[in-house]
Amino acid sequence: MTSPLLAVRDLRVRFATEGGVVKAVDGVSFDVERGRTLGIVGESGSGKSVTNLTLLGLHNPARTTVEGSAVLDGTELVGASERTLRDLRGQRVSMVFQDPLTALSPYYTVGAQIVETYRRHTGAGRREALDRAIEMLDRVGIPQAARRAREYPHLFSGGMRQRAMIAMALVCEPDLLIADEPTTALDVTVQAQILDLLGELQAQLGTAIILVTHDLGVVADVADEVLVMYAGRAVELGPATRVLETPKHPYTRGLLASVPRLSDPLDRPLRPVPGAPPSLLAPPPGCAFHPRCDQVIAGPGSPCRTRAPVLVGVGDSGHEAACHLEAGAGAAGVGSAERERERAQVPDAREGGKNP
Ligand code: SF4
């Protein structure tokens, strides 16, 4: 069995703020395989972007504590020197940000920015790097690439800027591309084009992709595996078909139920997950989702209110969920008989509950 390209284990990220310590990421583990796409989903503040910025060392070390491990093809990223991370960034791991206008420098032409990235990591000459930049712009579907390479970012449309960012991210053919909400600012037509483009380039280059998004439709289209995050923790993880078709965590079910469908009646009200994400300065005890959960286990001593559930297997194929209702015997201290009793106390969302 080959080792994954990226193995993240028990990653913890804490920020020191004036109000206290924010546990932005609280013990997250996942793998990313070569040539595969992991979709990370969750509401704002769930820790999905912080997880990925931390992998690249793009956090303020003076105010941030990072623990755990993240091994990229044999190289430990947690605690790596700035020099090691600088060598990895752009070459082995690249990032595409949500807003390319702020990620691209307004002072340099698009071509010059790709040239700089390529020369920094390959030592290529200026002419060779420019040819490579034009080739990449052409490859991501920018017409008249040689002319557009001499233009500044503000002359590009939103979709073209995102294509240019992808060209820059892939110019060194990295092993791993982290795309953080790459299509959120784009209209749906351009969004589909960008996702198709990422898929084509992945097939050509064998790049692994971490796709950070709050859009489950995007994840359903492109992800092989899905990690659902809530309040800095992983609450569900597994193959995309399993997680999206047979979700086991009430939060995942709530997210899926909140997606409007074209087949819905026009007067069907939207069904958001009730409540709001918790403050990470003082998350609720036990399961952080319990104040919003329509299946919370009732009664004194409820494990939902006292004990944080851990990820446990909920079937074959590596599907896992962190919910006391799904915990098997011995996994989180909830045996199957107890589990059945717990189920009997709460409405089953799949049978007409709030968030099927
Ligand atoms: Fe809901 Fe309890 Fe499961 Fe948390 S552990 S998701 S509160 S049922």
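Residues numbered from 1 in each chain as written. Predicted model: local features only at pLDDT ≥ 70, side-chain atom pairs only at ≥ 80, totals over all residues. Heavy atoms only, no water.

### What about the pattern of salt bridges?
Selection criterion: The working definition used for a salt bridge is a side-chain nitrogen of Lys or Arg within 4 Å of a carboxyl oxygen of Asp or Glu. Strands are runs of DSSP state E lasting at least two residues, helices are runs of H or I lasting at least four, and both sets are numbered from the N terminus onward. Only protein chains enter the calculation, and the probe is 1.4 Å; a residue is then buried if its accessible area is under 20% of its type maximum, exposed if over 50%, and partly exposed in between.
The final tally for this structure, using the stated rule, is 18 salt bridges. The residue E43 makes a salt bridge to R292 at a minimum N-O spacing of 2.9 Å. In this pair, E43 sits in the loop between strand 3 (37-41) and helix 1 (48-55) while R292 sits in the loop between helix 11 (250-257) and helix 12 (303-306), placing the two residues 249 residues apart along the sequence. Accessibility expressed as a relative area gives 7% for R292, which makes it buried. Put simply, E135 and R132 hold a salt bridge, and the shortest N to O gap is 3.2 Å. On the criterion of helical spacing, the pair formed by E135 and R132 is a turn pair, its members being three residues apart in helix 5 (residues 126-139). Accessibility expressed as a relative area gives 39% for E135, which makes it partly exposed.

### Quick look at the sheet that holds strand 11 (residues 312-313)
Two orientations exist for strands paired in a sheet by backbone hydrogen bonds: parallel and antiparallel. The cut-off we apply is this: Note: two strands are recorded as paired if DSSP finds a minimum of 2 bridges between them. The criterion used for residue contact is that any of the two residues' heavy atoms lie within 4.5 Å. Simply put, an axis is a line fit to the C-alpha atoms, just over the touching stretch for a helix, and the angle between two N-to-C directions goes from 0 to 180 degrees.
Here we have eight strands laid out as an open sheet, ordered 6-7-8-3-9-10-12-11, and mixed in their pairing. Two strands lie at the open edges of the sheet, namely strand 6 (93-96) and strand 11, each paired on one side alone. In the sheet, strand 6 pairs with strand 7 (residues 176-180) via four bridges, with the strands oriented parallel. Following the sheet pairing, V93 is matched in strand 7 by L176. Where helix 7 (residues 158-170) meets the sheet, its contacts fall on strand 6 and strand 7, and the angle it forms with strand 6 comes to roughly 175°.

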